[in-house]
Structures are given as structure tokens and as C-alpha cells.
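A structural walkthrough
Listed here are the chains, written in short residue letters.
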Protein chains: 2
Amino acid sequence: MVRKLNDALSVDCVILGFDGKDLNVLLIDRRFYEGEKLLWEDKSLTGNHIYEDEDIDVAASRILIDWIGINNIYLEQFHTFGEPDRVNRPHDRQWIAASGRNPDTRIISVGYVALLPTVQLDSNLKLHENVRWYNIDSATNLAFDHDLILDTALKYIRHKIELDPSAGFALLPEKFTLTQLQNMYESVFKVSYDKRNFRRKAIKVGYMEPLEEWQGGRTNKPAQLYRYNQERYDVLQKNGRLSSIF
Amino acid sequence: MVRKLNDALSVDCVILGFDGKDLNVLLIDRRFYEGEKLLWEDKSLTGNHIYEDEDIDVAASRILIDWIGINNIYLEQFHTFGEPDRVNRPHDRQWIAASGRNPDTRIISVGYVALLPTVQLDSNLKLHENVRWYNIDSATNLAFDHDLILDTALKYIRHKIELDPSAGFALLPEKFTLTQLQNMYESVFKVSYDKRNFRRKAIKVGYMEPLEEWQGGRTNKPAQLYRYNQERYDVLQKNGRLSSIF
DNA sequence: TCGTGTTGGTGTCAAAATGACACTTATAAT
DNA sequence: ATTATAAGTGTCATTTTGACACCAACACGA
């Protein structure tokens with residue numbers, strides 16, 4: 001059986017990665033050539049159309065596999081974009097026509113966010129040479145309506161982490177330092193916290209366990225590593241004892 | 001120009017109303033007849049397919065007009081439902097076939113929540129005699145996957161109000177008592193609060209103004225009326241002085 | 001090996017917020 | 001006048017917050 005893609009329905013994935021200091025987004029370089037000559041270029045989110053018989057969540061997962069080679073990471077739908085003229089700018093029409101589709105077809109896109117620590121992709125990023133991490137602040141002037149999609153994803157993920165701190169740990173490696181945790185909160189929420197107060201609160205929430213391990217390989221005092229404990233988190237949540245926000 | 005409905009894409013609206021004591025949802029009675037004989041009945045959310053050239057938000061607004069006659073109320077997209085077999089139960093297939101559509105067409109539905117005080121519809125509810133408010137706890141065994149859609153909407157709206165208390169006032173009439181406010185929070189979040197502590201906090205947040213008006217027409221002490229003040233809320237939010245959660 | 005640069009890590013105190021708790025008041029109906 | 005019902009109010013002990021400055025550990029280069 002031949003699977004048919006639905007021309008009118010697509011999925012876009014906003015893949016967010018935290019590197020210990022800053023928040024990044026994975027973007028594809030989109031280059032438009034006329035013969036040999038580069039006419040223009042910009043960047044776009046990862047996305048694709050979905051198959052007629054395919055679950056939307058599964059399509060999002062498939063896009064992760066296609067672009068970054070893994071899909072066992074945090075992935076969640078956040079919004080659907082359906083303005084009738086959302087892909088109507090000249091470059092976008094040119095691009096769609098060049099890839100053999102009809103630029104007049106209205107496309108509705110379901111947005112998903114994926115979260116992971118950037119290090120998790122260090123070896124996989126060679127899969128596609130035109131895919132790279134971009135600092136979140138430099139990700140502007142994107143293809144289609146991807147500025148809007150990215151912005152909506154960021155708002156969504158802020159809300160999500162505020163309500164459900166466990167989501168934030170998807171941005172951190174299994175073992176992390178409290179400074180990395182603080183940087184993560186600071187770059188997601190674009191605020192800054194007092195170091196001592198932040199650490200006091202982080203330790204008190206009760207779902208991070210200090211390990212007897214220290215982060216080495218640096219030119220200064222090694223930092224103690226911590227690990228997020230899902231079971232403790234679940235118990236605290238069930239008992240209504242979750243103190244959520246930093 | 002004849003407008004064409006998109007068979008594969010629909011919008012469902014979860015219309016939630018608060019009556020001062022309980023949370024309610026607006027449902028349509030769905031009755032299936034064979035000739036004169038009622039074969040089965042259940043209830044469904046309000047929804048419809050969208051036009052090919054229609055913005056999704058506009059389609060949701062249109063559905064409100066169709067079913068309740070107004071659309072100047074809180075309305076927000078919350079999730080898109082796209083499991084390939086989401087409308088595959090026997091009754092649902094029977095219903096779709098009887099209305100002249102192909103039950104094998106996969107339908108993707110974008111979910112919207114609307115919020116309003118039930119009193120706002122007292123005069124409009126005659127529009128359709130098969131539409132009624134149902135207590136949120138009695139709204140089960142709905143048509144299609146509407147149990148899931150309703151449940152997702154409730155979770156969404158809890159999160160929304162928790163993060164952005166202003167949304168909660170969409171459930172209250174312009175002038176409300178603190179007891180109504182407390183009931184609203186208690187029924188949305190399914191918890192209970194200490195009356196004195198609740199009122200202390202409600203007054204301290206600073207975006208509700210007490211009026212020199214009292215709610216009459218009841219058999220006991222009249223309650224003072226309050227009004228939500230959007231401007232004060234915006235100022236507090238901008239200054240980061242919003243204390244959000246009850 | 002000593003100094004320097006850099007990040008990790010720690011405690012106190014005053015102010016504010018929270019949570020627990022019980023009685024009086026105003027009204028309409030009888 | 002009595003009754004039933006929901007409105008409205010204050011205190012105190014405990015917990016949480018926010019402001020604030022210095023020493024410790026390591027790698028590197030002089």
C-alpha cells in the first residue's frame with residue numbers, strides 16, 4: 001500500500017535545546033537557487049506533511065527521527081496554525097512551487113515542541129549538514145510563519161514549565177549542576193535570580209537528589225551534580241506538596 | 001461564490017458556563033431515529049466543519065454565533081485532535097452516514113474553549129431547543145471523542161486560569177460577590193478554600209474593586225459586589241507584581 | 001610554586017505571606 | 001419575634017521570601 005501525504009495538513013516541530021548556558025532552536029537552512037546562483041536563503045523549523053492514515057503525534061515523532069535521528073525526548077503539541085494566508089509570502093510561494101506543490105493550497109499546521117539538552121545531539125547532528133542549533137535570540141526572519149510558531153512555542157513552554165517543573169528537566173542532561181539549572185530557568189524565563197535564594201529553593205523542593213559526583217574538566221572549582229527524581233516528584237504532586245515556581 | 005466546507009477539518013467548541021455555584025458545559029442532544037422510533041441518544045459538544053477559505057479562529061466564532069447567538073466572549077484554541085480512528089464508534093459512523101457524509105473520511109478537529117457566566121445566555125438559549133447546560137460532572141459518555149475533548153479543555157482552562165487569573169473573570173458576570181468568586185475557583189480546581197483566607201487574598205491582589213452595591217433579592221444578608229479591573233491587572237502584570245494563584 | 005582568574009558554594013535577618021481557627025451580622029420568611 | 005441562611009470579620013504562630021558579601025577549589029601560566 002502506498003501512503004499518501006495530506007497536502008493540506010502539516011506538522012512543524014520546534015526543537016529546543018539547552019546547552020548549559022543558553023536556549024537554542026534547531027533550524028534548517030533554506031537556500032533557493034536559480035541554476036548555480038543562490039537567489040536567497042533563510043531558515044525554517046523542521047516540519048513535514050502528514051500521511052493520510054497517520055496519527056498527528058506519530059507524524060511529529062517521525063519528523064524528529066528524520067531530522068535528528070531520535071524521538072525518545074519530550075514532545076508535545078502546543079498550537080495549530082490555520083490562517084488562510086499563512087504561507088503566502090513570495091519566497092514561500094516560490095519554494096512550494098519549486099518543490100512541486102501548489103502554492104495556492106491552504107496548509108494547516110499543527111505545532112509541536114521538543115525539548116532536549118543540546119549535548120544529546122552532538123553525534124547525530126551530522127545527519128543533515130544544513131541543520132544547526134541557533135541561539136534563540138538570533139532565530140528571527142524565519143521562513144513561512146515560523147517566527148510566530150517559534151514565539152508561540154516559547155510562550156507555551158514557559159507556561160508549561162511554570163505549571164509543571166518536571167518538563168524543565170527535559171532540557172537538562174541526566175546529571176546537572178545547580179548553576180545549569182539556574183541558567184536554564186533564566187534563559188527560558190528571561191529573568192535573573194539571586195544565586196543563594198535560587199539554590200535554597202531548588203534544594204528544598206525535594207525532587208532533586210545531590211550525587212556524590214562532581215563536574216570536572218573545568219578550570220575552576222568543580223560543581224556538584226544533581227539528578228531529577230521523577231518518583232519523588234510524583235509523590236509530592238499527588239500530595240499537593242509541589243512548590244512549583246522559581 | 002459558493003463556499004465549500006472542508007470534510008476533513010472541523011472545530012469543536014467546549015462552551016463552559018459558571019452559574020455562581022457550579023461549572024456547566026453546553027451540550028447538544030443527539031437523537032438517532034429510525035422512522036419514528038428513537039434508536040439511541042447521547043450528547044455532543046457544539047462543532048462544525050470549517051470552510052476552505054476560513055480562518056480557524058473565525059470558524060470557532062461562527063460556531064458560537066450559530067449555537068448561542070453571541071461571540072463576544074472568551075474563546076481560545078486549546079488542542080487539536082487527530083487520532084485516525086477518533087470518530088469510528090458504531091453510533092458515530094451511523095450518525096455521519098445519516099447526515100450524508102462518508103464515515104471513512106478521517107476528521108481532524110481543532111478544539112476551542114469558550115467561557116462565560118451562564119446568565120449571559122438566559123435569553124438566547126431558546127435558539128435551539130436541543131441545547132442545554134449540563135453540570136460538568138454529569139457530562140460523560142458523550143458523542144465521538146468528546147469525553148476526551150472536554151477533559152482536555154478542563155485541564156487547559158485550569159492551567160490557563162492558574163497562570164493568568166484574568167481568564168477566570170470570563171466565567172463571572174461583570175459584578176460578582178466574593179463568594180461567587182470563591183465558588184468559581186473551587187469548582188474549576190475541585191478544591192476548597194478557607195473563606196477568610198480566600199477573601200484576604202482576593203482583596204489583596206489589587207485588581208478587584210469593591211462597589212457600593214449589594215446583591216439583593218435573597219433571603220439573607222446581602223453580599224457586596226465587586227468588579228474586575230483590567231487596567232489595574234495589566235499594570236500589576238507589567239510590573240511583575242501579579243500574585244496569581246488562590 | 002605561587003599568583004591569578006574563574007566559578008562554586010554558603011548564612012542571617014527582617015519583612016511578608018500563609019494557614020488555622022469561631023463568632024457576629026443582616027436579611028426575608030414565617 | 002423567631003428562625004434559617006449566607007455574609008463578613010481578626011489574630012497569632014509558622015513559613016517563605018528577598019536582600020546581601022565573602023571564602024573555597026581548581027587549572028593554568030608566569
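Residues numbered from 1 in each chain as written. Chains lettered and ligands numbered in written order. Predicted model: local features only at pLDDT ≥ 70, side-chain atom pairs only at ≥ 80, totals over all residues. Heavy atoms only, no water.

**Overview of the environment of Tyr233(B)**
Residue and element names in this part refer to chain B. Within the element layout of this structure, tyrosine 233 appears in helix H6 (residues 230-238). In this structure the C-alpha to C-alpha distance between tyrosine 233 and tyrosine 207, which are 26 residues apart in sequence, comes to 5.2 Å. Contacts of tyrosine 233, omitting those with residues within four sequence positions, involve Asp164, Pro165, Ser166, Tyr207, Tyr228 and Leu242. (Helix = DSSP H or I, 4+ residues; strand = E, 2+ residues; numbered from the N terminus. Contact = heavy atoms within 4.5 Å.)

**A word on helix H5 (residues 195-204) of chain A**
One turn of an α-helix holds 3.6 residues; hence residues three or four places apart share an orientation. With a side-chain oxygen lying 3.1 Å from the backbone nitrogen of Arg196(A), the N-terminal cap of H5(A) falls on Asp194(A). Looking one or two residues past H5(A), Gly206(A) carries a phi angle of roughly 90°, positive in sign. (Polar contact = N/O pair within 3.5 Å; in protein donor to acceptor, adjacent residues only side chain to side chain.)

**Examining unusual backbone geometry**
Residues and elements named next belong to chain A. For phenylalanine 144, which is not glycine, the phi dihedral falls at a positive 45°. For phenylalanine 144, the location among the structural elements is in the loop between strand S7 (131-135) and helix H3 (146-163). Note on phenylalanine 144: relative accessible area 16%, which makes it buried. (Buried < 20%, exposed > 50% of the residue type's maximum accessible area, 1.4 Å probe, protein only.)

**Quick look at the environment of Asp29(A)**
All names here are of chain A. Here aspartate 29 is to be found in strand S2 (residues 23-34). Sequence-distant contacts of aspartate 29, defined by excluding residues within four places in its chain, comprise Asp42, Lys43, Asn130, Arg132 and Tyr134. Within the structure, aspartate 29 has its side chain in polar contact with the side chain of arginine 132 (distance 2.6 Å).

**Notes on the protein's contact with DNA strand D**
Near DNA strand D there are 23 residues, and of these Arg200(A), Lys195(B), Arg199(B), Asn220(B) and Gln224(B) occur at the shortest range. Close to the protein, within 4 Å, the atoms of DNA strand D belong to sugar or phosphate groups at a rate of 39%. Here Asn197(A) contributes a side-chain N or O atom positioned 3.0 Å from a base nitrogen of DNA strand D. Within the contact set of DNA strand D, a base nitrogen lies 2.7 Å away from a side-chain nitrogen or oxygen of Lys195(B). Where the surface near DNA strand D is concerned, the elements lending two or more residues are H5 of chain A together with helix H5 (195-204) and strand S10 (223-228) of chain B. (Near = heavy atom within 4 Å.)

**Thoughts on the protein's contact with DNA strand C**
Around DNA strand C there are 23 residues in total, and Lys195(A), Arg199(A), Asn220(A), Gln224(A) and Arg200(B) lie nearest to it. Near-protein atoms of DNA strand C (within 4 Å) split between backbone and bases, with sugar and phosphate holding 40%. Within the side chain of Asp194(B), an N or O atom sits 3.5 Å from a base nitrogen of DNA strand C. Backbone polar atom of Thr219(B) to a base oxygen of DNA strand C: 2.9 Å apart, as the coordinates give it.

**Focus: the interface of chain A and chain B**
Contacts between chain A and chain B engage 21 residues on the former and 21 residues on the latter. Carbon and sulfur atoms supply 59% of the area that chain A and chain B bury against each other, a total of about 1,600 Å² over both sides. Three residues stand out in chain A for area buried against chain B, namely Gln77(A), Arg106(A) and Leu163(A), and they jointly supply 31% of the buried area on that side. Applying the counting rule to chain A against chain B returns 9 residue pairs in polar contact (both at pLDDT 80 or more). Elements that contribute at least two residues to the side of chain A that touches chain B include exactly strand S4 (46-51), strand S5 (74-81), strand S6 (108-117) and H3 of chain A. If you tally residues by element for the side of chain A that touches chain B, the top one is S5(A), at 4 residues. Its residues placed into classes, the side of chain A that touches chain B shows 9 nonpolar, 5 polar and 7 charged. (Buried area = accessible area lost by both parts, 1.4 Å probe. Nonpolar A, V, L, I, M, F, W, Y, C, P; charged D, E, K, R; others polar.)

This is a description of form; function is not addressed.
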